[in-house]
Amino acid sequence: MTGLFVDSQISSQGSEGDNDTHRGTYLASFSACTTQVAHLADVFSAITTLNPQALMIIKPSGIVVYSEYNHVSNVQLNVDPSLFSLFSFLVRDANDVVILSQEDLDVPTELRLGVDVSLISDAFASVAASSPSTKLKNPNNPANNHSDPVTCYFTYNGEGHPLVIEFEDNLMSEKIEFLTFYTDFAYPYDSLGDSEHEELVINHNQIQSELILKSDVFSNLLADLHQINTVELYIYLSNEARGLGKSKNSKIRFTDSQLNFISRGPIGHLKLIYPSERTILEKLVLYGKDPTKKYNMVPVNTSLISCYNFANFIKIFRAVKLSSKCKILKDLNGVLSIQLLCKNNILPTYAGTLITFHHLEVSSYLDEDFQKDQVETARNFNSIFDDENYEYATDANAKEIAIEEYQELDMEAEKTRLTYASFMNQPNSNSNGGKMADNNRGQEGLQKKRKREDKLDDNGKGIHTVGGAVEVPLFL
Amino acid sequence: MKLKLRTQSTEALKTTLSLISQIRRFVILQFTPSQLQVILVNGQSVTLEPQVWCKLNMTTMFDQIEIQSLRDNTILLEINVELLLQTLRNFDRANSDGLNIRLQRKDSAGGQGVNTHNGRTASLALFYSNFNANTNTINHTFRIPVKILKSSHDSAMLREPELSEVDLIMRLPPEFVATYKRLEKFKKTANNDLVTIKATRRSGGFLGFVLEEDGKYKVTISWNQQLEVQKPNADANFDSDSIRLAVLKNQDQGPDEEDPSEDKEISVRLKDWQMASKIVATCKTVVFLITPREVVLHCMLEDSEDVEIIYYIAGIRRDPF
């Protein structure tokens, strides 16, 4: 990853680099010390899934590790200085005098280095694994039970120096010098707000949806999706107001918050419904453009679906498992931001490490249509499933159709359950109503319907049966 | 040639074999009336591969010993260590009162020509009996094919390395096994597999490992606890007794703090070094020796001297670019 090919992004930073040589009289150095080895091992390993190499940015406000994959995903790890018992970022001038004021613009405010984060993660993991096991080995030995925790020291003296990480306890010292290098990662937060560079960062002015979830349920759900070899993942969000009771004119209406994960894979489609209890699905808000004011998003009651490549999406899994709370944002450009707050059990006062993933949607249906009309979920959804077997239907309008049918049949027919057949007929409901009225016997009507479906089948547009089994219909 | 043994507890032999079974598939057993040696050598290149010599006291391990052969009552066998170990584990589970071990000639009429091509002409029979729930006796017999080593060539190959010169000698504490866990992660990088072991008596004793991979990292792992690093007398001979004595009774003169030749270092394959991790983790006493050509781990399984495991690793000369 040494910058053999320098892209335009880097060269723009290169001009900054020229400034660096200008301010060559200043030297920044960093040192820190912590005993939270296990927590660092966890969070480092959670971000290695994307790319073994990463850009590390050390600032007085903490350590940032940024990595990206193929320009479709990126990840950022923010470690707060409060995790460290000592955290010092010092700038010295040519006379080795420590500069405290930031008044001079030439004073560097951060250190940037390219590192192999998978190596660092391995080092932390082996230390975290070896320290408690020595305790377990001799449970009778009190000296071992009260052995010193491993202390970890970070040292970096600026460009050209290795990143030195030392682990020390009363038994041994391990000093690892990680060589640093230039990365060709463009750090997207540098050019934030720059309209020329479309970066993979959430645009907070165009937030379309906002979710706050409990991470343990989310990680179980991801594990299930992974187990069934999901290829594409659709995330369906809805907070539409529904009428309570049978009548469609019911005055009691409530907001029906729904978060569904739909998997498409070799075994077909599977819908997983995320529990909508307030304690598990803490927040679900959808935003739409306010028609009166320009460029202003307001909360709306609507539905929204987006699609992601699952092989890429599942890379968040380790981080989700580690986290306690998860916030998912999506903006109008199709950028999904997953923010994971990882608490540290040993250090309850620690605010938590933040891991932020950004994923790009596979395809967005909203770019141009959005100007004309609001989210057209039904139409979009139908165009996603191009095999015409699955169509968008809400429970509410399916029920309404069912009720209409009974009314037209003068309630003669047995109450049929919501079946695939009624689902199939929904788009043609105009002709359906007439047909049903013609058949005053419900049984006959059903038979006719079947025949019609068989016809459709002959035309190659109806139900596909595989080995005698009917594909599971998908209801939304 | 006759080998007839009976034992009630196979614990020592089983533990010893389980420690070394990962290293190589076949081991050589050398039975004498006083000692059983379990030897791991590579027949092709004795000098470069690590060697393990385990010495077990016959009289404490077996209650009946009958060993006869034309060559000083010594019997040399090559055996599959995993099969032998599995049989000993079966015996352990069976709750039997005794295990009999016999050397048997293969029935030439029965399995004719089956095993003769690899020279496994005899078998080591292990049999025991136990009672099941209905107090019926069940007899178990296991026959493991073995190759009897007779020729002078075979035994010439089996010469335990002589330690003519020892630079440094130190006893490793039981917690030392933690360094093996730290080193384990570097086994992944295959192209640079050498670890340099550095030791000195100066400034209170030091033992450290240095690993480097070009363009990636440089690691130094050093032991922080007090180590009594000693330099043995030049005229001492290095059998197990003198090593034990040297470690227990520090007759050291103390190092010359100014003398840089006190610092010793030797490079070995990381893979070879890591293979000893189980031995170091299990043995009660571990003594580490550095010689100009090799490093040696001299271990006692228990506090007694009944089982002795010696692990020799040949040093690799590092090319000075």
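Residues numbered from 1 in each chain as written. Chains lettered and ligands numbered in written order. Predicted model: local features only at pLDDT ≥ 70, side-chain atom pairs only at ≥ 80, totals over all residues. Heavy atoms only, no water.

As recorded in an unreviewed UniProt entry, chain B goes by Checkpoint protein and comes from Suhomyces tanzawaensis NRRL Y-17324. One UniProt comment on chain B, placed under Subcellular location (unreviewed entry), says "Nucleus". For the record of chain B, the UniProt heading Sequence similarities (unreviewed entry) holds the text "Belongs to the HUS1 family." (UniProt positions renumbered as here; feature names shortened; annotations may be inferred.)

Chain A is annotated in an unreviewed UniProt entry as DNA damage checkpoint control protein RAD17 of Suhomyces tanzawaensis NRRL Y-17324. Reading the Sequence similarities (unreviewed entry) entry of the UniProt record for chain A gives the comment "Belongs to the rad1 family." Heading Subcellular location (unreviewed entry) of the UniProt record for chain A holds this comment: "Nucleus".

This next bit is on unusual backbone geometry. The residue H71(A) is not glycine, and still its phi comes out positive at about 65 degrees. With respect to the secondary-structure elements, H71(A) resides in the loop between strand 3 (62-69) and strand 4 (73-79). Residue H71(A) is classed as exposed on the basis of its relative accessible area, which comes to 62%. Positive phi outside glycine occurs at T135(B), with the angle close to 55 degrees. Residue position: T135(B) is located in the loop between strand 8 (122-131) and strand 9 (137-148). (Helix = DSSP H or I, 4+ residues; strand = E, 2+ residues; numbered from the N terminus. Buried < 20%, exposed > 50% of the residue type's maximum accessible area, 1.4 Å probe, protein only.)

Turning our eyes to something else, we now look at the interface of chain B and chain A. Facing 20 residues of chain B, the contacting portion of chain A comprises 25 residues. Across the chain B/chain A interface, buried area totals approximately 2100 Å², and carbon plus sulfur atoms make up 52% of it. Linking chain B to chain A there are 2 salt bridges. Along the contact surface separating chain B from chain A lie 12 residue pairs in polar contact (both at pLDDT 80 or more). Looking at the side of chain B that touches chain A, the element that brings in the most residues is strand 13 (residues 217-223) of chain B, giving 7 residues. Pairing analysis gives 7 bridges linking strand 10 (residues 172-178) of chain A to strand 13 of chain B, with the strands arranged antiparallel. Bridging across to strand 13 of chain B, E174(A) finds its partner in I221(B). (Contact = heavy atoms within 4.5 Å. Buried area = accessible area lost by both parts, 1.4 Å probe. Salt bridge = Lys/Arg side-chain N within 4 Å of Asp/Glu carboxyl O. Polar contact = N/O pair within 3.5 Å; in protein donor to acceptor, adjacent residues only side chain to side chain. Pairing = 2+ DSSP bridges.)

Residue and element names in this part refer to chain A. Of all 8 residues making up strand 3, 7 are buried, and the element is well covered by its neighbours. Inspection of the sheet shows strand 3 paired to strand 4 by 7 bridges, in the antiparallel sense. Directly across from S67, in strand 4, lies its bridge partner V75. As consecutive antiparallel partners, strand 3 and strand 4 are separated by 3 residues, and within that stretch N70 has a phi angle of approximately 55 degrees, a positive value.

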